[in-house]
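# Overview (structure and organization)
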Amino acid sequence: MFRTSLLLAVLPLSLAACATMTDEEQAAARDQRAQETRTAEEGGLRCRTIRQTGSRLGSRVCRTDEEWEQMERDAQEAHDRLDGGNARGASPDQGFGG
C-alpha cells in the first residue's frame, strides 16, 4: 500500500519534470526558429506552425504564398464537395438512411 501511495505521489512530479524544457533547450529552439525564419524570408517562403489534433506540439511548415493559397483553395473545394454531398443526401427531417 505504501509503495502505491508513494508511486502515485511521485509520478505526476516526474512527468512534469519530463514535460518542461530547460532554459537552454528553449533558447536553442528559439534560435532554430529564428534561423528558419531568416532562411524562409530569403527564399520567399512564409512559415506557419501546424498543430495536429491531439498533440501539444506543432510542426513548422514553410511554403510560398502561392502554395498556401492553393492549399486553402483545395481545402475549400473538399469542404464544398462534402457539403454538397450532404445537400443531395438526406434532408434534415429524414435523418440518415434516407
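Residues numbered from 1 in each chain as written. Predicted model: local features only at pLDDT ≥ 70, side-chain atom pairs only at ≥ 80, totals over all residues. Heavy atoms only, no water.

## Side note on the overall build of the protein chain
The following threshold applies: A run of DSSP states H or I qualifies as a helix once it reaches four residues; a run of E qualifies as a strand once it reaches two. Both are numbered from the N-terminal end. The buried label applies to any residue whose accessible area, calculated with a 1.4 Å probe on protein chains only, is under 20% of its type's maximum; exposed applies above 50%, and partly exposed to all values in between. Any two residues having at least one pair of non-hydrogen atoms within 4.5 Å are treated as being in contact. Using a 1.4 Å probe, the Shrake-Rupley method yields the accessible areas, and only the shown protein chains count as cover for residues.
Helices and strands together make up the secondary structure of the protein chain, namely three helices and two strands. When the helices and strands of the protein chain are placed in sequence order, the string is α-α-β-β-α. Across the 98 residues that make up the protein chain, the buried fraction comes to 3%. Here the analysis covers contacts within the protein chain between residues at least 6 apart in sequence; of these, 11% occur between residues at least 24 apart. For the protein chain, the exposed area adds up to about 8,700 Å²; of that, 55% sits on carbon and sulfur atoms.

## Re the state of the cysteines
How we decide: Whenever a pair of cysteine sulfur atoms sits within 2.5 Å, that pair is classed as a disulfide.
A complete count under the given rule lists one disulfide for this structure. The disulfide that involves Cys-47 links it to Cys-62, with 1.9 Å between the sulfurs. Torsion about the S-S bond of the Cys-47 and Cys-62 cystine: about 105°, corresponding to right-handed handedness. Taken together, the residues span a long stretch of sequence, with Cys-47 in strand β1 (residues 46-51) and Cys-62 in strand β2 (residues 58-63) at a distance of 15 residues. Judged by its relative accessible area of 30%, Cys-62 is partly exposed.

## Overview of the pairing of β2
Stated precisely, the cut-off is as follows: Strands were regarded as paired on the criterion that DSSP finds at least two bridges between them.
In terms of strand pairing, β1 meets β2 through six bridges, oriented antiparallel. Bridging from a neighbouring strand, Thr-49 pairs with Arg-60 of β2. Between the end of β1 and the start of β2, which pair antiparallel, lie six residues, with Gly-54 showing a positive phi angle near 90°.

## A short note on a negative patch on the surface
Counted only if it meets this: Each patch groups residues whose relative accessible area exceeds 30% and which form no salt bridge, using 9 Å between like charges and 5 Å between nonpolar side chains of Val, Leu, Ile, Met, Phe, Trp and Tyr. Each reported salt bridge corresponds to a side-chain nitrogen of Lys or Arg within 4 Å of a carboxyl oxygen of Asp or Glu. Asp and Glu count as negative and Lys and Arg as positive, but His and the ends of the chain are not part of the count. Charge positions come from single atoms, namely NZ of Lys, CZ of Arg, CG of Asp or CD of Glu.
A cluster of acidic residues, Asp-74, Glu-77, Asp-80 and Asp-83, forms a negative patch on the protein surface. Here Glu-77 lies in helix α3 (residues 65-88). Residue Glu-77 is classed as partly exposed on the basis of its relative accessible area of 44%.

## Observations concerning the pattern of salt bridges
Any two side chains of opposite charge can pair, on the condition that their charged atoms come close. One pass over the full model with this rule turns up two salt bridges. One salt bridge in this structure joins Asp-65 and Arg-46, with 3.2 Å as the shortest N-O distance. Of the two residues, Asp-65 sits in helix α3 while Arg-46 sits in strand β1, which places them 19 residues apart along the sequence. The class of Asp-65 is partly exposed, set by a relative accessible area of 32%.

## Some remarks on the environment of Gly-43
As for its position among the elements, Gly-43 is in the loop between α2 (23-42) and β1. Along the sequence, Gly-43 and Arg-63 sit 20 residues apart, while their C-alpha atoms lie 9.6 Å from each other.

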